[in-house]
Amino acid sequence: MLWVKAFHIVSMVCWFAALFYLPRLFVYHVDATDALSKDRFCIMERRLYRGIAIPSMIATIVFGVWLITFNPDYYKSAGWLHAKLTLVVLLIGYHHICGAYVKKFAAGTISKSGRFFRIFNELPVLALLAIVILAVVRPF
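So, here's what we can say about the structure. (Residues numbered from 1 in each chain as written. Predicted model: local features only at pLDDT ≥ 70, side-chain atom pairs only at ≥ 80, totals over all residues. Heavy atoms only, no water.)

**What to know about the overall build of the protein chain**
- The secondary structure content of the protein chain amounts to six helices and zero strands.
- Counting helices and strands in the order they occur from the N terminus, the protein chain gives α-α-α-α-α-α.
- Projected onto its principal axes, the C-alpha positions of the protein chain cover 55 × 25 × 20 Å.
- Every one of the 140 residues in the protein chain was classed for burial, and the buried ones make up 36%.
- Taking the intrachain contacts of the protein chain between residues at least 6 apart in sequence as the baseline, contacts between residues at least 24 apart amount to 76%.
- Approximately 8,300 Å² of the protein chain is accessible, and the part contributed by carbon and sulfur atoms is 70%. (Helix = DSSP H or I, 4+ residues; strand = E, 2+ residues; numbered from the N terminus. Buried < 20%, exposed > 50% of the residue type's maximum accessible area, 1.4 Å probe, protein only. Contact = heavy atoms within 4.5 Å. Areas by Shrake-Rupley, 256 points an atom, 1.4 Å probe, with all protein chains shown as cover.)

**Regarding the side chain of His 8**
- Tracing the chain through its elements places His 8 in helix H1 (residues 2–31).
- When near neighbours in sequence (up to four residues on either side) are disregarded, His 8 contacts Thr 60, Phe 63, Gly 64, Leu 67 and Lys 84.

**A look at the layout of surface pockets**
- The calculated volume of the largest pocket comes to roughly 600 Å³.
- Surrounding the largest pocket, 27 residues form its lining, His 8, Gly 64, Leu 67, Lys 84 and Ala 135 being those nearest its centre.
- Secondary structure elements with two or more residues in the lining of the largest pocket: H1, helix H2 (35–69), helix H4 (79–107) and helix H6 (123–137).
- Looking at the lining of the largest pocket, the element that brings in the most residues is H4, giving eight residues.
- Its residues assigned to classes, the lining of the largest pocket comprises 21 nonpolar, three polar and three charged.
- Volume-wise, the second largest pocket comes out at about 160 Å³.
- Lining the second largest pocket are Cys 42, Arg 46, Tyr 49, Arg 50, Ile 54, Gly 99, Val 102, Lys 103 and Ala 106.
- Secondary structure elements with two or more residues in the lining of the second largest pocket: H2 and H4.
- Sorting elements by how many residues they give to the lining of the second largest pocket places H2 first, with five residues. (1 Å grid on protein atoms, 1.4 Å probe; cavity = no way out; pocket = protein on both sides within 12 Å on 5 of 7 lines; lining within 4 Å. Points joined across faces, edges and corners; volume = space filled by probe spheres on them. Nonpolar A, V, L, I, M, F, W, Y, C, P; charged D, E, K, R; others polar.)

**Looking at a positive patch on the surface**
- A surface patch of like charges, here positive, comprises Arg 46, Arg 47, Arg 50 and Lys 103.
- No other element matches H2, which puts three residues into the positive patch.
- Tracing the chain through its elements places Arg 46 in helix H2. (Patch = residues over 30% accessible without salt bridge, like charges linked within 9 Å, V, L, I, M, F, W, Y side chains within 5 Å. Salt bridge = Lys/Arg side-chain N within 4 Å of Asp/Glu carboxyl O. Lys, Arg positive; Asp, Glu negative; His and termini not counted. Charge placed at Lys NZ, Arg CZ, Asp CG, Glu CD.)

Take a look at the structure:
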């Protein structure tokens, strides 16, 4: 179980790293003025999303489900886990919204501002804070 938990944590850290950096790239992309920079940001965003964010998200989910299988009766009644899983579902939605923005940037149809993406960039920080507190403190 400890190996599975370790890999769950490592994959979660990689996933969050991607979710922290991708919206930051969006900020830089919106602020870019020349075509070369915009093209470079499109490549970076696509590679980060497809090469790191998606595999890390999948690994996080697989290892998380695997952890639940070790003691499913306990986890069925663990309120903290239900709250954590709700946040993970919302985070998966955030992940897919990022994917939609990657496509919009590549198509040149983005209409959001740098300020929007600066605020958007803070959402996974709040999710991480809540998820870690729920998993470690287990308040209910």
